[in-house]
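Chain residues, written in single-letter form:
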Amino acid sequence: MGQLSRFAVFFGLIHSIILAAGAAQAAPQVLGLTASLRATPMRCDAAGCRADLSAFCLQQQRADPRPGTVYQPAPGTRVTLLVTGHDGRQSRLDGAPMLSFIDDRGFVSITARLKPDALAGLDVAAVAIEVGSDAALLAETTPGDSNPQAADELALATGANRRQAETFYDKPGRDADAIRLTNAMINELPPGARGRDDTDGHLIQGALTQYQGAPIAQDGASLAATIHRNCVAKTDVTHQVDSMRSCLEGSHDILSTHVNIDFWNSLGGS
């Protein structure tokens, strides 16, 4: 794809976002979830557990989700909770009825949340999320929807479009794996905080360790390392960002947006 056409699509996307912001709220895009090569650990505290999952848009013609938009798994989507007890035993639970999915960063990421009492009565030392193949999320319906999703729209988005997206997001490759590894680094950092050791190199090493043995492309690992190195410089040297996490989020989201544009173009831009 040429650079000019990429920018044309990108700025067209920004224009559609601006228009959507002033219009009556219609059902936003169906989102895809990147299939797991490794489970995503959740961060847990007294308020419950959370993890950010890489996502992407399956419907270019629909508006981006607004911050706080609630999503739910599409029929057939498998989202599994891996619950590890203090004795090391692991249980696999259907996460769909227990998790909530809330959008805070547009179509490129979704936050999965687990209430504090969701696993009451279980021995829980750690929790992780495993996303199955061809996973998709649907926005919860809202009263007064000015343009609700039609059955054929949903069938196309969660069917043929989602299968086409496998090549761009699920299968190993430079950009897909850099997105995976960058998201793993993001999840190692708590939201809204900055620690002294955020830039000491443990984030990229931890991400590579998490995916050790997975079919990660070498150029994907190299790109993730470059993203990490650039964010260290922006955090510690030039102070262009307020935290390592915000820089990693921005880098993840920009890369995922460009991949999404390539995916849309593979569909004929529809």
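Treat the numbers as computed from the prediction; the structure is a model and nothing was measured.

A. Up close: the packing of helix α5 (residues 218-236) against helix α6 (residues 244-266). Where α5 contacts α6, the two axes come as close as 9 Å, and the packing angle between them is 140°. In terms of axis orientation, α5 runs oblique to α6. In terms of crossing hand, the pair formed by α5 and α6 is right-handed. On α6, the residues that touch Leu223, Ile227, His228, Cys231, Val232, Lys234 and Thr235 of α5 are Met244, Cys247, Leu248, Ser251 and Leu255.

B. Spatial organisation of the sheet that holds strand β2 (residues 40-41). The 4 strands lie next to each other as β2-β10-β6-β7, forming an open sheet whose pairing is antiparallel. Because the sheet does not close on itself, it has two edges, and the strands there are β2 and β7 (90-94). Note: strand β6 (residues 79-84) against β7, 5 bridges, orientation antiparallel. Within β7, the residue paired with Leu82 across the bridge is Arg92.

C. Looking closely at the packing of helix α2 (residues 151-170) against helix α3 (residues 174-187). Close contact between α2 and α3 brings their axes to 7 Å; oriented N to C, the two are set at 70°. With respect to α3, the axis of α2 lies roughly perpendicular. In this structure, α2 uses Phe168, Tyr169 and Asp170 to contact α3, whose residues at the interface are Ala176, Ile179 and Arg180.

D. Representation of the packing of aromatic side chains within the structure. Following the criterion strictly, the structure yields 4 aromatic pairs and no others. Ring centres 4.1 Å apart and planes at 10° place the aromatic pair Phe56 and Tyr169 in the stacked group. Separated by 113 residues along the polypeptide, Phe56 in strand β4 (residues 48-57) and Tyr169 in helix α2 bring together distant segments of the chain. For the pair Phe56 and Tyr169, a shared accessibility class is recorded, and that class is buried.

E. Structural detail: the side chain of Thr235. Considering the arrangement of structural elements, one finds Thr235 in helix α5. Under the relative-accessibility criterion, Thr235 is labelled buried at 1%. Beyond its immediate sequence surroundings of up to four residues, Thr235 is in contact with Arg194, Thr199, Val241, Ser243 and Met244.

F. Representation of helix α4 (residues 202-210) in the model. Within the sequence span of α4, burial applies to Leu203, Ile204 and Ala207. Seen along its axis, α4 keeps its buried residues to an arc of 95°; they face one direction. Taken together, the buried residues of α4 touch α3, α5 and α6.

G. Structural view of unusual backbone geometry. We note that Asp134 has phi near 55°; this positive angle belongs to a residue other than glycine. With respect to the secondary-structure elements, Asp134 resides in the loop between β10 (126-131) and β11 (135-139). A positive phi angle, near 55°, is found at His239, a position not held by glycine. Looking at where His239 falls in the secondary structure, it is placed in the loop between α5 and α6.

H. Layout of the nonpolar core. Core analysis: the largest hydrophobic core is formed by 60 residues, its most contacted members being Met42, Leu99, Phe101, Ile129 and Leu248. Ranked by residues supplied to this core, first place goes to α6 with 8 residues. Beyond its immediate stretch of four places on either side in the chain, Ile129 contacts Ser36, Ala39, Thr40, Met42, Ala51, Leu53, Val79, Thr80, Leu81, Leu99 and Ala112.

Basis of the calculations
- Residues numbered from 1 in each chain as written.
- Predicted model: local features only at pLDDT ≥ 70, side-chain atom pairs only at ≥ 80, totals over all residues.
- Heavy atoms only, no water.
- Axes fitted to C-alpha atoms, helices over the stretch in contact; angles between N-to-C directions.
- Helix = DSSP H or I, 4+ residues; strand = E, 2+ residues; numbered from the N terminus.
- Parallel < 35°, antiparallel > 145°, perpendicular 65-115°, else oblique.
- Left-handed = near helix turned anticlockwise from the far one by under 90°.
- Contact = heavy atoms within 4.5 Å.
- Pairing = 2+ DSSP bridges.
- Phe/Tyr/Trp six-rings, centres within 6.5 Å; stacked < 30°, edge-to-face > 60°.
- Buried < 20%, exposed > 50% of the residue type's maximum accessible area, 1.4 Å probe, protein only.
- Arc of directions from axis to C-beta.
- Core = buried A, V, L, I, M, F, W, Y, C linked by side-chain atoms within 4.5 Å.

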